[in-house]
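Understanding the architecture of this molecule
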Amino acid sequence: MESTGNCQWFLDLMMALRHEVWIGDAAKIRACDVRQQKHDKRDAALLLKLLVEGRFPRIWTPSSEQRDQRQLLIHRHKLVRLRAQVKNGLQHLALNRGVQKKLRLWNAAGQKALRTIALPPWASRRREDLLKLLRTLDEQIALLDQAVSEAAEKNESSRLLMTQPGVGPVTSLAFVLTMGDVNRFPRGKQVASYLGLAPREYSSGGHQRLGSISKQGNRFMRMLLVEAAQVAVRCDPQMRKEYLHRCHSKPKGVAKVAAARKLAIRLYWMLRMQKRYPEIVHVESSSRVPLASAS
């Protein structure tokens, strides 16, 4: 079947009936048909033709345990976004009354000042509701953070990735669950393309034209890599040097994305070679040590 959303119930049913389900790349499958007519009968015939000819573009699918751990990360991410919206609402109430504390609004003194602000009845009701919701979200996110940390510590690959400065339990576990078996990627360029961190290319006549990144793949993983890269450029001397050098000729946003791409490729090689952070940096900086052995 083609890759589609909201079909997990069907996959579980087929697995319960002892059927092997192959998931195909919908874009590549559609590109194999030159005609513009598209209906179920033609789609089924095209899938059969690709299977018979051995050209079915099968994609990697996570296991049931990996899918469940993904739900843990997604659930935490959604709650963190809700908490950010709640904090923005409280900041809005404070700024409208001339109280500008920025991050200090969330410490004990800032919370006390927020509660003592004189507000109209419905604005006061909104403040109380948002504060209650903030406490609830903080408690829930703390429990999820603990669950993510425990899951990352139990995963050997996640523990390996956390030796890289800037990479914590959330980023390491998300990278492992997103990439799966890294040996299916022959080079680091394929990893960058898989994560949507490779630039679009419009080349013709021997002239290379590179655009913005493709933004294909997992958007959540791409966001985590950009956030982790901003910490890595402060803690990793080699990445910091490359980041500052790129900032002289490119905007900071471009430099951040380039650092995220380098970080993703480094994490890929750490998993493929099973080397920790200091060892992989030594391999990268040495021209006499190959990243991958010749087969």
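The structure under discussion appears in the preceding block.
One structure accompanies this document, and this report is about it. (Residues numbered from 1 in each chain as written. Predicted model: local features only at pLDDT ≥ 70, side-chain atom pairs only at ≥ 80, totals over all residues. Heavy atoms only, no water.)

For the rest of this paragraph, the subject is the overall build of the chain. Helices and strands together make up the secondary structure of the chain, namely 13 helices and 2 strands. In summary, the chain has a C-alpha radius of gyration of 24 Å against a globular reference of 19 Å for 295 residues, an excess of more than 25%. Seen through its C-alpha atoms, the chain measures out along the principal axes to roughly 75 × 55 × 45 Å. Looking at the chain residue by residue over its 295 residues, the buried ones come to 35%. Put simply, of all contacts in the chain between residues at least 6 apart along the chain, 53% involve residues at least 24 apart. With the model as given, the accessible surface of the chain reaches about 18800 Å², and the carbon-plus-sulfur share is 53%. The average position of the 52 basic charges and that of the 25 acidic charges among the side chains of the chain differ by 9 Å. (Helix = DSSP H or I, 4+ residues; strand = E, 2+ residues; numbered from the N terminus. Rg over C-alpha atoms; globule rule 2.2 N^0.38 Å. Buried < 20%, exposed > 50% of the residue type's maximum accessible area, 1.4 Å probe, protein only. Contact = heavy atoms within 4.5 Å. Areas by Shrake-Rupley, 256 points an atom, 1.4 Å probe, with all protein chains shown as cover. Lys, Arg positive; Asp, Glu negative; His and termini not counted. Charge placed at Lys NZ, Arg CZ, Asp CG, Glu CD.)

So, on to the environment of V182. By secondary structure assignment, the location of V182 is in the loop between α8 (169–179) and α9 (188–194). Placed 30 residues apart in sequence, V182 and S212 show a C-alpha to C-alpha distance of 25 Å.

Every buried residue belonging to helix α5 (residues 108–115) is among G110, Q111, A113 and L114, and all of these are buried. Along the axis of α5, the buried positions cluster into a sector of 160°, meaning they face one direction only. α5 presents A108, A109 and K112 as exposed residues on the side facing more than 90 degrees away from its buried surface. In this fold, the buried residues of α5 make contact with α4 (64–96) and α6 (121–154). Two or three places before A109, at the start of α5, stands the capping residue N107, its side-chain oxygen 3.3 Å from that residue's backbone nitrogen. (Arc of directions from axis to C-beta. Polar contact = N/O pair within 3.5 Å; in protein donor to acceptor, adjacent residues only side chain to side chain.)

So, about the nonpolar core. One finds F175, L195 and L225 to be the most contacted residues of the largest nonpolar core, which totals 61 residues. Broken down by secondary-structure element, the contributors of at least two residues to this core are α4, α6, α7 (156–161), α8, α10 (219–235), α11 (237–247), α12 (252–273) and α13 (277–285). Ignoring any residue separated from it by four or fewer positions in sequence, one finds L225 in contact with F175, L195, L197, A260, L263, A264 and L267. By size, the runner-up hydrophobic cluster in this structure holds 5 residues, among which are I29, L47, L50 and F56. (Core = buried A, V, L, I, M, F, W, Y, C linked by side-chain atoms within 4.5 Å.)

Time to look at unusual backbone geometry. Excluding glycine, most residues fall at negative phi; most peptide bonds, likewise, are trans. You will see that N6, though not glycine, has its phi angle at about 55°, which is positive. Residue placement: N6 occurs in the segment before α1 (8–16). Even without being a glycine, K215 presents a positive backbone phi close to 60°. Within the element layout of this structure, K215 appears in the loop between β2 (210–213) and α10.

Everything listed here is a matter of geometry and, on its own, says nothing about what the molecule does.
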